[in-house]
Every structure is written in C-alpha cells, then in structure tokens.
Amino acid sequence: MALTTFKSGIHFDTSGRLAKWLGHDCCSWEGVICNNRTGRVAELRLPGFLSTNEFILQTQMKGRLSPSLMLLSSLEVLDLGGLITLAGTIPPSIGTSLPKLRKLFLYGNSLSGIVPESIGKLANLEELHLHENYFSGSLPWSLGRLKGLHRLLLHSNQFFGPIPKSLAELKNLQILDLHNNSLTGQIPENIGALLALEQLDLSDNLLNGKLPISLSNLTSISVLYLDTNMLDGEITFPHSSTQMPSLAFLRLNNNRLTGRIPSSIGNLVSLQRFSLANNHLQGPIPNTVGNLMEITEMYLNGNQLSGQIPKTIGRLSRLLTLSISNNLIEGSLPHEMSSLQNLQTLDLSFNHLNLSTIPKWIRQMPSLCRIYLARSGIQGQFPELLKSTSSPILELDLSFNTLTGPIPSWVGTLSQLYSLNLSRNSLTSTIPNSITDLQDLGILDLHSNKLSGSVDQVFDIKTRFDEGSLKYIDLSYNYLSGSIKGIGVGAQNKIEFLNLSHNSLTGGLPVSVGALSSSMRSLDLSFNKFAGEIPSGFLKLRELRELDLSNNLLVGRIPSGKPLSSFPKSCFVGNKGLCGKPLNPCMV
C-alpha cells in the first residue's frame, strides 16, 4: 500500500523502474529490499544515478514525495537521491514513523519546506544527506541528538539562522557540510568537541565573528573550508605542532580576517592546498611557510602583506600554483624561487615589486606556463627571454608596466598561448601579422598603448577549433586606423567582448558582426570615425548586454527593435546624422 501510493505520486520516471512494479510481491520489485526474516521492507533504493560497467546514467522522477512512505516502519535505508524533479516536503512524523532508519538520502531533488524537529528521534541514523534541494528555515536543534551520525550533508539549500550548538554533541560525526546556505551568527565555540570530524565545510554563508579557538582541537580534520563568510579577527590555529596533523585542505579566503599570518602555520605540515586570499591580513609572509613541503597550491592574494618573498619558499618542491597578487610585497624575487621545478602558475601582479626586467631563471623553469607580472616595474623592450622558455606559455600578463617598442614578431611562435594581456604599457608600432598564428588565443588585451596601423590581423587569427576560440578582445585607447572587416567569421564567431573604442578607425560598421548573434555580450566602438548607417544585422545580437556606438560619424535611422531599442541615448550620442529610438525621431 505504502509503495503503490508512492508510485502513484510519480508522474514521470525516466529510469522505467516504477513501471516494473507489478504483482503483489513488492520484495521482488526493483529497488525494494526486504528483511529475509520478517518479510518487511528494509530498504528502498531508487537513486537518480544508475551505474553499469560501461556508463553512469542520470535519471529523474517527476512527482511528489508521498507521506505514505512513513508506513514502512521497518525501513532502514531510504535512498531517493539525485532524482532532480522530485518535489514535496519531509513528513513531520519521520522521527517517530521510521525508528530503524540508518541512512536517509534525499539529496539532489526539488524538495522544500523545513527539516522537522522530529528528525532528532532517529536514534539509529548514521547518514543524513539532504543537500542540493530547496529546504529552508533554521536547522533543528534536535540534530544534536543523533549520536550515531557519521555524515551530515545539508549544503546548497536555503537554511538560515545560527548553527545549533547542539551539533557539538555528535561525537561520531566525520563529515559536516553546511556550505552554500544563508546561515548567520558565529561558528559555535564548542565546534572543537567534534574529535572524529574529518571534513568541515561552512563556506558560502553569512557567518560572522571570530574563528573559534577550539578549532585546534580537531585532531582528525583533513578538510576545513570556512571561506566566503564575514569572519573577522586573527587566525588562531594551530597552537602547536601536534595540532591538526592531518589538515590537507584549508580555505579561509573571502572573509575579513586581520592581523598577521601566524608563524605557527608552518606546523600544518600536511597542507596541500591553502588559501587566505581576499582578507585584511598584514605583515610579512612568515619564513615557516617553507615547512609546508606537501603544498601544491598557495593563495595569499588580495591582502596587505608586506616585506619580501621569503627565500624559504624555494623549498616547496611540489608547489604548482603561487598567487601573492594585490599585496604590498616589495624588493626583488629571491633566486631560490628557481628551485620550484613543478611551478605552473606564478601570480605576483599588483605589488610594490620593482623588477626592471623578468628574472632570467624564469626561462629555466620546466613547468611554468602561466605568468602574471602586472605592475611589477618591468621596463624596456618586450622581454626576449620569453621567446625560449622551457615550458610553452599558456597565459601571460605584463600589463601596467612600462614596456616600450614594438610587440615582437616572434610572439606568433608562442603557439599555445591562450591569454595575452599587454595593456597599459607604452608599446608602439603595429600589431604584428604573426599574431594570426596564435590558434589557441582566447583573450587578447592590448588596450591603452600607442599601437597604430590596421586591426585586420586580429580578425584574421586562425583557429584549430571549428567554433572558434577568441572570446575577449580589447584594443581600445590606441592609435589604430583603417576600416575593419571580417568580424564574426573564422576564429571570431564566438567573440563575447569586443572593445575598439578611442582609436581612429574608419569606414562602415562591419555587417558581419550579426554573425555573433549567439555570443556577443559587450560591444564598444565609440570614439572612432565610423561612418554610414548602423547595419540591420545588429538586431541579431540577441545576447548583447552592453553597447556603445557614441561619438562617431554614423547617420540614418537606428534599426528599430531589440536589442538596439533597449539601450539608452548615451550609447548613440555624438553621431550628428543618427536618428530614431532612443534618439529623436527621424524627420520624414
């Protein structure tokens, strides 16, 4: 009766399992497991993900979670996870109706409402997975009564209010994941009582206050994510080398933490990934970071860290990513950094470095493929050493420096380059024709230089991909001239952002831009010398969110209809011959 009622509440089952529920012997139905001794239903397993030896299939059930399942009083496992469109609420009586329940999997659905207080009566519950739904309300205090609970996953819902202090009573809890909700208040000070806890994720909430001192007591912790909240105060852990010996993944980024990075951070010798980015931390990077021999990723960007990069950082032989951008770091780069033979990404942009030139040892680093040195005091000609690096360069940012002279023609030999940012320098001459050889190029930013000549070579870039790779082009604030053609063909048929403003470009607006109907989101052609009418093909740019055609020599009626009619007058002013909505009506 309970199962047939549940079945009748499901209108659509892409897995076809419920259609096979025929006959009176429910114990033979797919997904139903009965107790051999009592004959009662012990498990209902109908997960959305079905795996075979060859593939994993995502299925779904459309309908509502029937309260009739509460009649299955011998149920130990209820798995309706990942069915996507299963709606409804958790019945309020669940705690008294299903006393034997050990595992409750309702994640990845469209369930809503509150988690009933009676859930705390499920004395045998070991796993509670309610993540990725639309549950709301506050977390019930009664969760703290689930003494046998090992895993509590409530993330990606709409819970609000404080984290119940009662959760500290869950002495057997190994995973607590509450991220991506709207929880407020402070992290409970007694959180350190969860001595079995291996993973704690409270990120992406609205938590405030200081980091609890008791966090240091989490001796089994390996994953600690407290990022993207409003936490303040100083970093208070670890206190000694014996605390948090297994901590491998630590994220405290995107908070309001202050003070210094404690030298005791070097005691966390198991750290592999570590982020303190986007806080208000000050003072030097402690020498003790050189003790983090297992570290592969370190993010310290977006703080007010000062002093020099410690020489001990050269001991981090497994380091893949080092980001210290947007701080107050000064001086030169220690030669010891050349020992980072596995380093792939180096981001030192926007500090107080005064490098004059890129250190020669960078050429010898066998894995370095992403180099970000914006506003690092680099002067003179485009660095020749980048022509022959040990590793192919994928991303290069030398913006906000004082580079002079031309972009060298050998830039076209950087065949795997995806992102090139040379903006806000004093580069002169023309854009080299060899740029057409950069078949993987997706981002090109040359704005605010002294470049002259044609832009056609940019729109002649070849591509190895049928759908194109070039998505972002900014050539604004230069001395570029001539007409433009070919936009929207070849490698450019996926351009999302194009800024050619503040140049001396002439001729008509390119008719082919209409071919970018499914991609173009931002187009700025203002402050040039474009003439003629706006092509009707501009009406095809349905994804366009930003447009500026102002201060040109355009004439005629603005093509009528969206998206053009939805932009303000400021996008078209400064064209004396232009008329029609949103400007003044055209004279008949």
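Calculation notes
- Residues numbered from 1 in each chain as written.
- Predicted model: local features only at pLDDT ≥ 70, side-chain atom pairs only at ≥ 80, totals over all residues.
- Heavy atoms only, no water.
- Pairing = 2+ DSSP bridges.
- Helix = DSSP H or I, 4+ residues; strand = E, 2+ residues; numbered from the N terminus.
- 1 Å grid on protein atoms, 1.4 Å probe; cavity = no way out; pocket = protein on both sides within 12 Å on 5 of 7 lines; lining within 4 Å.
- Points joined across faces, edges and corners; volume = space filled by probe spheres on them.
- Nonpolar A, V, L, I, M, F, W, Y, C, P; charged D, E, K, R; others polar.
- UniProt positions renumbered as here; feature names shortened; annotations may be inferred.
- Disulfide = S-S within 2.5 Å.
- Buried < 20%, exposed > 50% of the residue type's maximum accessible area, 1.4 Å probe, protein only.

Draft legend 1. Examining the pairing of strand 46 (residues 553-557) more closely. The pairing of strand 44 (residues 531-532) with strand 46 spans 2 bridges and is parallel. The residue of strand 46 that forms the bridge with Gly-532 is Leu-554. The pairing of strand 46 with strand 47 (residues 577-579) spans 3 bridges and is parallel. Pairing of Arg-557 across the sheet is with Cys-579, part of strand 47.

Draft legend 2. Fine view of the layout of surface pockets. Estimates place the volume of the largest pocket at around 220 Å³. Lining of the largest pocket is provided by 14 residues; of these, Met-1, Ala-2, Leu-3, Cys-26 and Val-41 occupy positions nearest its centre. Sort the elements by how many residues they give to the lining of the largest pocket and helix 1 (residues 2-8) lands first, with 3 residues. Residues that form the lining of the largest pocket fall into these classes: 8 nonpolar, 5 polar and 1 charged. When its volume is computed, the second largest pocket comes out at roughly 170 Å³. Contributing to the lining of the second largest pocket are 13 residues, with Pro-162, Ile-163, Pro-164, Lys-165 and Pro-188 lying nearest its centre.

Draft legend 3. Focus on the UniProt feature "domain: Leucine-rich repeat-containing N-terminal plant-type" (unreviewed entry) in the chain. Per the UniProt entry, the sites bearing "domain: Leucine-rich repeat-containing N-terminal plant-type" (unreviewed entry) are residues 2-35 in this numbering. Span residues 2-35 is 21% helix and 21% strand, its end C-alpha atoms 16 Å apart.

Draft legend 4. Structural context of the sheet that holds strand 8 (residues 86-87). In spatial order, the strands read 1-6-8; together these 3 strands make up an open sheet with mixed pairing. Only two strands of the sheet have a single neighbouring strand rather than two, namely strand 1 (10-13) and strand 8. Pairing of strand 1 with strand 6 (residues 61-64), which is carried by 3 bridges, proceeds in the antiparallel orientation. Paired with Ile-10 across the strands is Gly-63, a residue of strand 6.

Draft legend 5. Quick peek at the sheet that holds strand 32 (residues 379-380). Spatial ordering of the open sheet is given by 32-34-36, a layout of 3 strands whose pairing is parallel. Whereas interior strands pair on both sides, the edge strands pair on one side only; in this sheet they are strand 32 and strand 36 (426-428). Across 3 bridges, the pairing between strand 34 (residues 402-406) and strand 36 is parallel. Across the sheet, the residue bridging to Thr-404 is Ser-426, located in strand 36.

Draft legend 6. Geometry of the state of the cysteines. Inspection of the entire model under this criterion finds 2 disulfides. Residue pairing for Cys-27: its cysteine sulfur links by disulfide to Cys-34, the two sulfurs lying 2.0 Å apart. What sets the handedness of the Cys-27 and Cys-34 disulfide is the S-S torsion sign, and at about -95° it is left-handed. A relative accessible area of 15% places Cys-34 in the buried class. One disulfide in the model links Cys-579 with Cys-586; its S-S distance is 1.9 Å. Torsion about the S-S bond of the Cys-579 and Cys-586 cystine: about 95°, corresponding to right-handed handedness. Across the pair, Cys-586 and Cys-579 agree in class, each one buried. Once the disulfide-bonded cysteines of the chain are ranked by sequence position, their pairing pattern turns out to be 1-2, 3-4. Among the cysteines around Cys-26, which has no disulfide bond, Cys-27 carries the closest sulfur, lying 4.4 Å off.

Draft legend 7. Inspection of the UniProt feature "domain: Disease resistance R13L4/SHOC-2-like LRR" (unreviewed entry) in the chain at higher detail. Per the UniProt record, the feature "domain: Disease resistance R13L4/SHOC-2-like LRR" (unreviewed entry) sits at residues 246-453. Annotated as residues 246-453, this span is 0% helix and 25% strand, and its ends, taken at the C-alpha atoms, are 59 Å apart.

Draft legend 8. Quick look at unusual backbone geometry. The residue after Lys-562, namely Pro-563, is reached through a cis peptide bond having omega 10°. Note on placement: Pro-563 falls in the loop between strand 46 and strand 47. One non-glycine residue, Arg-375, adopts positive backbone phi at about 45°. Counting through the fold element by element, Arg-375 comes out in the loop between strand 31 (370-372) and strand 32. Under the relative-accessibility criterion, Arg-375 is labelled partly exposed at 38%. Phi is positive for Arg-424, which is not a glycine, with a value near 55°. With respect to the helices and strands, the residue Arg-424 is situated in the loop between strand 35 (419-421) and strand 36.

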